[in-house]
Amino acid sequence: MRHRHFLRLLLAGAVALPVLTGSALANPSILFDLKSGKILEHRDAFKRWYPASLTKLMTAYVTFRAIAAGEVQLDSPIKVTKHSAGAPPSKMGFKPGSVMRLDNALKMMLVKSANDVAMAIGENIGGSQTAFAERMNTEAHRLGMTGTHFVNPNGLFSPDQYTTARDLAVLVIAIRSEFPQYAPWFSIEGLAVGKKAIPNYNLLIGRYPGADGMKTGFVCPSGFNMIGSATRNGRTLVAVVLGEKSAVTRAETVARLLDQGFATPTPGWLTVAALPSYGDTTSVNDLNDEICKKKPPAEQSEAALPAGDKKVPKSPYQAKLDHVPTLVAVGLGGATGPTPKAMLDQSGQEYADVPLPSWRPDRPAPVGAEPAVTGSTTAAHGEQLAKSAN
């Protein structure tokens, strides 16, 4: 009894913010300070949830680790396989056999949330979907993500792929602390692929003051998930929200949490790593009927409905950007670096055949790694336009 009483006090001590109204606290969430890991708010943080495209953050993390280990470089070729090309939307739509640079592939995965590109990254880095998923699970275990299991690199629904708000917070801290050189990729306003402009699905980017990341996700069973981060006066806060009802409400909920967090100068003393497990940690909610059964296909997408749509309430996060967006040019071609080790292994070549990388990941990215144009839609390697599927 004494232990249970202590646990209740411990958990209550981390909830320093006023109670939110509406649906904001009806689903798992956690708000924390990125640098210290201290929690400002949490609810059902250990509840299993389908991650959807938040999965791609682990895909990125495994890839960053592979780069650091010398298995691959930013300009290494990522080849689209027949299997990856067959992934359902959201996707880029590149044909099997197409080749892109790894850094371009990562940007398309993180901004467009392209399922085909995420699968291509996984197959090229890991050798196969299964082998890459094993690496994802190995990293999750190493990081202490105790309620997480992966089976694919893109987040497409599987009953065996699940995570928790707390585990996602652990992953975010690892990405941002271990690989700060890639932080700008999570705040890209949009991509330019040939003549096509692709906006970021994260509606806070360019609209919420200080917004600098990180990822959205959606499948019918999970609802609309989001991890949003913002930095003000040197302080970075991160909010994880799972199971929202639309792309707009998830942005609004994350923004409310961040607002209240910035209004609370001193977080609690409990950290993400030290948060004790609580509540239901085994069952997974399935929101398919609630989210998709009665909604038209246009609302079953990562993309938010147009701001002028009568079904969409007015929201500052649906408003047109008040500035010309900066688009990062991506596309096919330009992959002059070494082939990923896993792909060489499939050809029977040895690891010694892999050229040593010329750029150390612990140093700033080389000049030209961040091609960007303001208000333009001309890509450096846009030989093949992306399909418009979301």
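My aim in this report is to walk through the structure given alongside it, one point at a time.

Rules of the game
- Residues numbered from 1 in each chain as written.
- Predicted model: local features only at pLDDT ≥ 70, side-chain atom pairs only at ≥ 80, totals over all residues.
- Heavy atoms only, no water.
- Helix = DSSP H or I, 4+ residues; strand = E, 2+ residues; numbered from the N terminus.
- Expected span 1.5 Å × (residues − 1).
- Buried < 20%, exposed > 50% of the residue type's maximum accessible area, 1.4 Å probe, protein only.
- Pairing = 2+ DSSP bridges.
- Salt bridge = Lys/Arg side-chain N within 4 Å of Asp/Glu carboxyl O.

1. Here we look at helix H5 (residues 115-126)
For H5, with 12 residues, the first-to-last C-alpha span of 16 Å sits near the 16 Å given by 1.5 Å per residue. Burial runs high along H5: 12 of the 12 residues are buried. Among all positions of H5, only Asn 115, Asp 116, Val 117, Ala 118, Met 119, Ala 120, Ile 121, Gly 122, Glu 123, Asn 124, Ile 125 and Gly 126 are buried. Phi turns positive, to about 100°, at Gly 127, one or two residues after H5.

2. Things to note about the pairing of strand S7 (residues 211-219)
With 9 of 9 residues buried, S7 is to be regarded as a mostly interior element. Summarising the sheet, S7 and strand S8 (residues 223-232) pair through 8 bridges and their orientation is antiparallel. Within the sheet, the bridge partner assigned to Val 219 lies in S8 and is Gly 223. Counting the residues between successive antiparallel strands, the hairpin from S7 to S8 contains 3 residues.

3. Re the pattern of salt bridges
Per the counting criterion, the structure on display carries 9 salt bridges. The closest approach of N and O atoms between Glu 139 and Arg 65, which form a salt bridge, is 3.2 Å. Taken as a pair, Glu 139 in helix H6 (residues 129-143) and Arg 65 in helix H2 (residues 55-68) lie far apart in primary sequence, 74 residues in all. On the accessibility criterion, Glu 139 (11% relative accessible area) is buried. Given a relative accessible area of 30%, Arg 65 falls into the partly exposed group. Shared partners join several salt bridges into a network, and the residues in it are Arg 65, Glu 139 and Arg 142.

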